[in-house]
Amino acid sequence: GRPRLSDFSQVLKHSPDVVRMMLMIALIEATWSMAQPFMPLFAYQEKGANEFVLGGIATSISVLPILLSIPLGRLADRYGRKKLLFALTPAVYLAFLFLVFANGNTMLIASGLFSGFTSINIAIASAMTAEIMPKGQMGRWIGMVSLIRGLISIPAPILGGVIWDHIGPQYVFIAAILLDLFLRVPLLASIR
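This section reports on the structure supplied with the text.

Analysis parameters
Residues numbered from 1 in each chain as written. Predicted model: local features only at pLDDT ≥ 70, side-chain atom pairs only at ≥ 80, totals over all residues. Heavy atoms only, no water. Helix = DSSP H or I, 4+ residues; strand = E, 2+ residues; numbered from the N terminus. Polar contact = N/O pair within 3.5 Å; in protein donor to acceptor, adjacent residues only side chain to side chain. Contact = heavy atoms within 4.5 Å. Buried < 20%, exposed > 50% of the residue type's maximum accessible area, 1.4 Å probe, protein only. Core = buried A, V, L, I, M, F, W, Y, C linked by side-chain atoms within 4.5 Å. 1 Å grid on protein atoms, 1.4 Å probe; cavity = no way out; pocket = protein on both sides within 12 Å on 5 of 7 lines; lining within 4 Å. Points joined across faces, edges and corners; volume = space filled by probe spheres on them. Nonpolar A, V, L, I, M, F, W, Y, C, P; charged D, E, K, R; others polar. Expected span 1.5 Å × (residues − 1). Bend = angle between axes of the 7 residues up to and from the residue.

### Observations concerning the side chain of D17
Within the secondary structure, D17 sits in helix α2 (residues 17-35). Polar side-chain contacts of D17 include one of 2.9 Å to the side chain of R20. For D17, the residues in contact, after removing those within four places along its chain, are I132, S190, I191 and R192.

### A look at the side chain of T89
Structurally, T89 is set in helix α6 (residues 81-100). Looking at T89, the relative accessible area reads 6%, which means it is buried. Not counting the four nearest positions on each side in its chain, T89 is found in contact with D180, R184 and V185.

### Details of the nonpolar core
Of all hydrophobic cores here, the largest spans 57 residues; its most connected members are M21, M24, F96, L108, F117, W141 and F173. Here this core gets 11 residues from one element, more than from any other, and that element is α2. Once residues lying within four places of it in the same chain are set aside, the contact partners of W141 are V11, V18, M21, M22, T129, A130, I132 and M133.

### Digging into the environment of P65
The topology assignment puts P65 in helix α5 (residues 63-79). Expressed as a C-alpha distance, the spacing of P65 and L113, which sit 48 residues apart in the sequence, is 9.3 Å. Not counting residues up to four positions away in its chain, the partners in contact with P65 are G116, S119 and I120.

### Description of empty space enclosed by the protein
Scanning the model with the defined rule gives 1 cavity of 30 Å³ or more in all. For the largest cavity, the full set of lining residues is I28, T31, W32, V92, Y93, F96, T118, N121, A176, I177, D180 and R184. Among the elements of the structure, α2, α6, α7 (105-131) and α10 (170-190) are those that each provide at least two residues to the lining of the largest cavity. Broken down by element, the lining of the largest cavity gets its largest block of residues, 4 residues, from α10. In the lining of the largest cavity, the residues fall into 7 nonpolar, 3 polar and 2 charged.

### Digging into α6
For α6, spanning 20 residues, the distance from its first C-alpha to its last is 29 Å, which sits close to the expected 28 Å at 1.5 Å a residue. Of all the bends found along α6, the most pronounced is centred on L88 and spans about 30°, while P90, a proline, follows it within four residues. Of all the residues in α6, the buried ones are R81, L84, L85, L88, T89, A91, V92, Y93, A95, F96, L99 and V100.

### Focus: α10
The end-to-end C-alpha distance of α10 is 30 Å, a good match for the 30 Å that 21 residues give at a rise of 1.5 Å each. A maximum bend of about 30° is found in α10 at D180. All buried positions along α10 are accounted for by V172, F173, A175, A176, I177, D180, R184, V185, L187 and L188. At its buried positions, α10 is contacted by α2, α3 (39-45), α6, α7 and α9 (156-166).

Scope: geometric values only; no functional claims are made or implied.
So this is what it looks like as structure tokens:
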């Protein structure tokens, strides 16, 4: 039959890690949604990137997920998804820092390259979510995770725009790092 509200509360009561896991995944999405729309604009307006460099940045985002998803997935299986998420966190920050401090096209392309770690992180975190819920509740669980991810990622670009207009363009990316460092990383640490 149709799911009842009590079915969803059962999902939330399954483990103390459930809500933390939902928020942790939503924060990966939120920081990316906050910064990503502004990356090409920043590269163009602040760093003088032309259409070829912008195309190179957009293309390079796909390189690492294509090359590293399977090997990193195997590492996650062997050593743990949580450990790998911690290990990849600085690489995601490098994407933003290369962009902010770029003094040439190579650093801009490197920014795109390192941005590929975000999609790898989302895939690893999604695999973690599947491990904490029994199969019978998986549909509701994935639906709830997707809803929270969507709801948190809606205001994220607006926040990025406010920061861009009122504080400064580079602070969109610094804010994304700080949000991740002070919200998502402690949540990840608290998940068993």
